[in-house]
Structure formats: C-alpha cells, structure tokens
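Here are the chains, one letter per residue:
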Amino acid sequence: MNQVRKERIAKDLEAFQKAVEVKLQEILNAPCDLNIAPAPGSINEEDRYTFTHPRRGLAVIINNEKFGYVKNLGDRNGSSADAHYLFNMFKLLGFQVLHATNLTAQKMLVLLKTVAKNFDHQNSDCFACSILSHGDQIFSKKDVDTCQRKDILYGVDGETLPTELITEIFDDQHCQALIGKPRLFFFQACRGDTLDEGVDITVLHPRLSDTRKLESTEESSSVDPPDFGTKNEDDMEARAERHVPSEFYLNQVVIDPAPLYKDCLVMYATPPGYYAWRRGTGAWFIQSLCDVLTSDPVRFGKIDLQKALVHVSRNVAYNYESNMPENKKFHAKKESPVLYSMLVKDIYFNVTRGEAMNI
C-alpha cells in the first residue's frame, strides 16, 4: 500500500470517527421517553440486573449487505429487512439505536471503539450490538498438540475482524462504565461451511406456529455465504480454500474458546463451523429473534431474556428448513442458534423507550 493511499484511508477513518461522535451526541441530546411497566413482584431483586437507570442503553446495528467486487463474497440479499426488524425491536425494548450500513472492517472497529468511549454507559442499563455480515472460521497453531479456532466477521472490503475483539472492546477493562451491566451481542454470519443435515424425530405435540416459514421458491432461502443463485460451486470451493487444510491438524486437538467476559451474552445464528441461512426477506435467526423479543411477555418483563432466547433457538430449529430441491446439497438443511452466556443475573425488560439514529 503506497503512502498516498495510506493517508487517504487515515483521513477517511478520521472523518468517519467524527461522524460517529456527532451521531452519538445527537442520541444523547435526544429526549429519552419513558414508559415504565410494573416489574414482576415474584422476582428477587438480587437475582436480576438493575434496569432503573435514566437510559436503557445503546443498541448498535451494523448491516453489511453490499460487498461489491470482493472475491467470493456476494451481496447479502435480505439483510436490510433484518436490520429493519432489529431497529424496531431494539426501540420497542427501550434502546437508543445507532444503525450503520456497509462498513469496512476498519470502520467497524472505529465505530465500536468510539461507542465504547463516547456513549453515556454510566447512566445506562446495558449495551447491545448486532452485526449482520459474512463470516467464517480461522485456525491458528497454538502448540505442537493443539490448534485454536476463531470466528471472524467480514467488512465490505473483504478484511476481517475476530468476534472476540468485538466483545473485548466492551469488557470491564476497556469499557469500565459498563462494569456490572449486561452486554448483549447477536451475530448473523457463517461460522464455517458445514451444512446441518438435521435429524428425523417424532414430534408428539403440534409444531410452533410461525408466519415466516420458507416459501417454495428459488429465492425462499439462501445460505450466507454463499448466496445461491448469485454464486456457483466454483466460488464456494474457492472460498473453502481459505481454510487451513484439515490434514494439517490431523493429529492435533482443536480448542474453541468462547470469547466471553463477565456480564456478557453472545448469540450466534449457527454452531461453530456451520453455515448460517438467510432468504430474500431476512435470516432465520434474526427473524425469530425479533419475533420473540417483541412479544409482550418479553417487553413487559414477564419472562427473562435467556428463557426468551431458548424460544428463539427452538423456533429456528423446529420451524425452518431450506427448500431448494433443485440443488440437493443445499436442500432440506437445518440451523440451530447457539447461546453463550456469562450473565450472573436475569434480565427483565419492563420499560419501553428509545430513540434511533442512522449513519
């Protein structure tokens, strides 16, 4: 990279950081309208996080949908619908929302660091972040007998950020204003290229009702990545070549540490090593997440967040299946969201309030 280009990128990042700072100040200056619902009386206050601060907190949505001419990374059709649903969901839960679209990896990093430093977390109940993008896994050799697996997320420039870095920005050391407060992360992205075949079971009760089941059309579902219909088998295989050859680790144990910190919750659309599915009207995981978390029992503090997220996983696992009979490799595949939590108390949303800003 020549010096002129480096200087241009540096100026662009500096201007972007200033724009984020301006938007955060606009959010902080906006009135925070409160509508307090009664807290459940049967719950011990010591067992729940304190949600009585002046602000619910900030929710950051990063939606990377347009990848231009980045090799092996097609546009993520339907992701804008997910961003819209998340936007409304966070507002209904009382968050103030910062929504950013089509960021490079460096801009994602700048935005998150600026949010950690400049928002008024001290007077907030919690923090939330949802990133919608392409994703993958990488392996690094730890020692002779072990290698380490990590999840990565793509910027629209094809560069990557490890998810553990994203959560680390908001840990107790780097964002002390959030000490003792929950930090919630929701990632819609692939974590590898394995397909979930599912298992045939006998269900003795009616299936959960779901208004967003897949339609029997070619664009009713697409894997993320690749986007079937815009990418071909050669593209998919070329993407797979970025992985370290499996025989390199034939005699090694793979460790997969969860990038978690105290008071942190991370939910992925799919297990380690697997594809995450998406269709033209949105991703299975995000659609289910928004359906459940905008329900009255969650919004008004009747059930806690972690119990609600179990319902999200169940809804995706039971009610969604890819429908691509023209391509057997991608037909009749399943998905199961994964929840990692180091929360030490329950989360009950019993206040609705919120403002939103786009950048």
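Going by the structure above, here's the rest.
On a predicted model such as this, the values are computed, not experimentally measured, just so you know. (Residues numbered from 1 in each chain as written. Predicted model: local features only at pLDDT ≥ 70, side-chain atom pairs only at ≥ 80, totals over all residues. Heavy atoms only, no water.)

**Examining the packing of aromatic side chains**
The condition that has to hold: Ring geometry is summarised as follows: Phe, Tyr and Trp rings, the Trp one being its six-membered ring, pair when their centres sit within 6.5 Å, and such pairs are stacked at plane angles under 30 degrees, edge-to-face over 60 and tilted between the two. The secondary structure listing takes helices from DSSP runs of H or I that are at least 4 residues long and strands from runs of E that are at least 2 residues long, numbered from the N terminus. Per-residue accessibility, obtained with a 1.4 Å probe over protein chains only, is compared with the maximum for each type, and a residue is labelled buried under 20%, exposed over 50%, and partly exposed between these values. Note on criteria: charge over ring means Lys NZ or Arg CZ within 6 Å of the ring centre, with the direction from the centre no more than 35 degrees off the ring normal.
Under the counting rule described, the total for this entry stands at 11 aromatic pairs. When the ring of Trp284 is compared with that of Tyr320, the centres are 5.5 Å apart and the planes differ by 25°; the resulting orientation is stacked. With Trp284 in helix 6 (residues 284–293) and Tyr320 in the loop between helix 8 (305–319) and strand 13 (338–341), this pair connects stretches of sequence that are 36 residues apart. Residue classification places Trp284 among the buried positions, given a relative accessible area of 0%. Residue classification places Tyr320 among the buried positions, given a relative accessible area of 1%. Taken together through their ring pairs, the aromatic side chains of Phe127, Phe170, Phe185, Phe187, Tyr268 and Tyr340 make up a single cluster. The aromatic ring of Tyr268 is capped on one face by Arg191, whose charged end is 3.6 Å from the ring centroid.

**Regarding helix 1 (residues 3–29)**
The condition is simple: One fewer than the residue count of a helix, multiplied by 1.5 Å, yields its expected span. The definition of a polar contact used here is a pair of N or O atoms within 3.5 Å, where within protein one atom must be able to donate a hydrogen and the other to accept one, and adjacent residues in sequence count solely through side-chain atom pairs.
Over its 27 residues, helix 1 runs 39 Å from end to end, which matches the ideal 39 Å to within 8%, given 1.5 Å per residue. Every buried residue belonging to helix 1 is among Leu13, Phe16, Val20, Leu24, Ile27 and Leu28, and all of these are buried. Two to three positions downstream of the cap, the backbone nitrogen of Val4 sits 3.3 Å from a side-chain oxygen, assigning the N-cap of helix 1 to Asn2.

**Topic: the packing of helix 6 against helix 8**
Filter applied, for reference: Axes here refer to lines fitted to C-alpha atoms; in helices the fit is confined to the stretch in contact. Angles between the N-to-C directions go from 0 to 180 degrees. The labels follow the angle: roughly parallel below 35 degrees, roughly antiparallel above 145, roughly perpendicular from 65 to 115, and oblique for the rest. Rotating anticlockwise by less than a right angle from the far helix to the near helix defines a left-handed crossing, while the corresponding clockwise rotation defines a right-handed one. Contacts are residue-level and defined by heavy atoms, with any inter-residue pair within 4.5 Å sufficient. Lys, Arg, Asp and Glu make up the charged group, whereas Ala, Val, Leu, Ile, Met, Phe, Trp, Tyr, Cys and Pro make up the nonpolar group; the residues left over, Gly among them, are polar.
At a minimum axis distance of 9 Å, the contact between helix 6 and helix 8 shows a crossing angle of 135°. What the angle tells us is that helix 6 and helix 8 run oblique. In this structure, the crossing between helix 6 and helix 8 has a hand that is right-handed. Packed against helix 6, whose contacting residues are Trp284, Phe285, Ser288, Leu289, Val292 and Leu293, the element helix 8 presents Leu305, Ala308, Leu309, His311, Val312, Asn315 and Val316 at the interface. Of the residues in the contact of helix 6 with helix 8, the class split is 10 nonpolar, 3 polar and no charged.

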